[in-house]
Structures are given as structure tokens and as C-alpha cells.
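Coordinates in review
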Amino acid sequence: MLAIWSAERLLVPNIVEESKVLTKSTATYTWGSGGAITTTRPMKVVDAFIRDSDDQDTPVNVEMSLEEYNLVSDKTIEGRSDRLYYAPEYPLGKIHLDPVPDAAYTLKLFSWKALASLASLVTSISLPAEYEAVIVMSLAARLSSEYGIAMDTLTVQQAVSAHSTLRNLNRSKVGGARHDSAITWAISR
């Protein structure tokens with residue numbers, strides 16, 4: 001249940017910020033235990049920027065798709081990387097930078113990380129208070145069907161409401177949807 005919620009961004013109470021000092025002329029970095037970035041492999045990179053030696057920050061577009069990366073005809077051109085493609089491969093994800101870094105910049109990454117799986121029923125995790133109700137109610141719903149016990153309507157409604165509230169809370173933390181204002185104007189008319 002928790003793994004599914006992580007995948008749908010329900011259990012992401014914050015965005016994790018991490019840094020990697022880039023190596024000149026190196027465009028690809030693995031991410032995960034044993035990778036070039038040794039922290040937990042993220043599910044998705046949501047934002048990034050490059051910091052140069054003068055502490056000047058330049059945004060990096062993290063929306064690059066595999067198709068766009070494959071269309072880069074010369075993957076050896078060097079410069080200040082301004083976009084990246086993240087391949088969430090397993091067990092190591094991969095970051096592909098374009099263009100290839102021409103200096104040892106610091107790459108600041110902001111990503112979603114899955115909630116670590118629980119080793120046992122007595123494993124302790126620390127989450128914000130608003131998670132307790134949704135976990136308790138949803139677990140009750142899941143276990144009731146597994147054990148053939150009918151749930152009362154109020155408990156089902158509370159589970160659905162808590163799940164919806166948490167989803168909306170976390171959606172707003174990541175930022176609003178990007179849209180074309182002309183389309184919004186046309187729809188609203």
C-alpha cells in the first residue's frame with residue numbers, strides 16, 4: 001500500500017534536495033546505492049539548477065524526454081548544462097546532461113523519493129501527523145477485504161476522504177500544473 005502511494009506521489013511530504021559536483025566532460029551519472037550519486041534512487045527529478053564557481057545559479061530543464069535526448073546529434077558538445085534527461089532505471093537511475101559539462105559545476109537536484117519499505121511490523125517511521133488517519137483508515141479497508149470482513153460505510157468514507165485530502169495537500173507542495181493561459185481563457189468563455 002505504501003509503495004503504491006509513493007508511486008502516485010501521495011506519500012511525498014517534501015521534495016528531497018541533493019547536490020552532485022559534476023566532472024568536466026562527463027555527461028552521464030548513475031544515481032542510487034553504489035552509483036555516482038550515492039543516495040537513494042529517486043522516482044522522479046522535479047527541478048534542478050547548476051551552480052558555478054562564482055555561486056551563480058542557472059536553471060536546468062528537467063522535462064527532457066528520452067526522445068529529445070536521442071535527438072541530440074552530437075552528445076560531446078561541452079558547455080553549461082541547461083537540461084537533463086532522468087532515466088529511472090533500476091537499481092541505478094541515470095542522469096544524462098545536455099550539453100556535457102565544460103567545468104566542475106555543482107548540480108542541485110530536487111526529487112521525489114519512495115518511502116522506504118518497512119522491514120517488519122515493528123519498524124518505526126516518522127511522518128507528519130496528517131498521515132496517521134489515512135494510513136489507519138486505508139489499512140483497515142485493505143485488511144477488511146483480505147479477511148472477508150464488511151466495512152461500515154462511515155469508515156469507507158473516512159478512508160476515501162483522508163486519502164483525497166492527503167493527495168491534494170501533496171499535489172500543492174509540488175507546484176501547480178503548467179498550462180497555456182490562452183487555453184484557460186478559451187475554456188473559461
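Note that this is a predicted model, so its numbers are computed, not measured.

Take the environment of Pro88 next. Residue position: Pro88 is located in the loop between β6 (83–87) and β7 (93–98). What makes Pro88 partly exposed here is its relative accessible area of 43%. Each C-alpha atom, one on Pro88 and one on Met43, is 6.2 Å from the other, the two residues being 45 residues apart in sequence. Beyond its immediate sequence surroundings of up to four residues, Pro88 is in contact with Arg41, Pro42, Met43 and Gly93.

Spatially, β2-β7-β6 is the arrangement adopted by the three strands of the open sheet, whose pairing is antiparallel. Pairing within the sheet leaves two strands with one partner each, and these edge strands are β2 (28–31) and β6. Across the sheet, the mean angle from the axis of one strand to that of its neighbour is 20°, orientation sign disregarded.

Moving on, we come to the side chain of Asp52. Counting through the fold element by element, Asp52 comes out in the loop between β3 (44–51) and β4 (57–59). The exposure class of Asp52 is buried, given its relative accessible area of 12%. Within the local environment of Asp52, its side chain forms a polar contact with the side chain of Arg80, the two groups lying 3.0 Å apart. Each residue touching Asp52, except ones within four places of it in the same chain, is listed here: Arg80 and Tyr105.

Residues at a pLDDT of 70 or more form 81% of the protein chain, whose mean pLDDT is 83. Here residues 174–189 is modelled with pLDDT under 50, and outside its nearest four sequence neighbours on either side it reaches five contacts, counting other chains as well.

What follows deals with the nonpolar core. When a protein is soluble and globular, its nonpolar side chains tend to lie buried together. Membership of the largest hydrophobic core comes to 16 residues, with the highest contact counts inside it found for Leu84, Ile95, Leu107 and Leu109. Of all the secondary-structure elements, those providing two or more residues to this core are β2, β3, β6, β7 and β9 (106–112). By residue number, the principal contributor to this core is β3, which donates three residues. One finds Trp5, Val134, Ile135 and Leu166 within the second-largest nonpolar core, a separate group that totals seven residues.

This part covers the side chain of Ser138. Checked against the element boundaries, Ser138 lands in helix α3 (residues 131–146). For Ser138, a relative accessible area of 10% translates into the label buried. When near neighbours in sequence (up to four residues on either side) are disregarded, Ser138 contacts Met1, Trp5 and Ala159.

What follows covers α3. With 16 residues, α3 extends 22 Å between its outermost C-alpha atoms, agreeing within 8% with the 22 Å of an ideal straight helix rising 1.5 Å per residue. Buried within α3 we find Tyr131, Val134, Ile135, Ser138 and Ser144. Just beyond α3, the residue with positive phi is Gly148, at close to 70°.

Quick look at the sheet that holds β4 now. With antiparallel pairing, the four strands of this open sheet are ordered in space as β1-β9-β3-β4. On the outer flanks of this sheet lie β1 (16–21) and β4, each paired with one strand and no other. Within this sheet the neighbouring strands show an average axis-to-axis angle of 30°, counted without direction. Bridge count for β3 against β4 is three bridges, and the pairing is antiparallel. Within β4, the position partnered with Arg51 by the bridge is Asp57.

Cut-offs applied
Residues numbered from 1 in each chain as written. Predicted model: local features only at pLDDT ≥ 70, side-chain atom pairs only at ≥ 80, totals over all residues. Heavy atoms only, no water. Helix = DSSP H or I, 4+ residues; strand = E, 2+ residues; numbered from the N terminus. Buried < 20%, exposed > 50% of the residue type's maximum accessible area, 1.4 Å probe, protein only. Contact = heavy atoms within 4.5 Å. Pairing = 2+ DSSP bridges. Axes fitted to C-alpha atoms, helices over the stretch in contact; angles between N-to-C directions. Polar contact = N/O pair within 3.5 Å; in protein donor to acceptor, adjacent residues only side chain to side chain. pLDDT = per-residue confidence, 0-100. Core = buried A, V, L, I, M, F, W, Y, C linked by side-chain atoms within 4.5 Å. Expected span 1.5 Å × (residues − 1).

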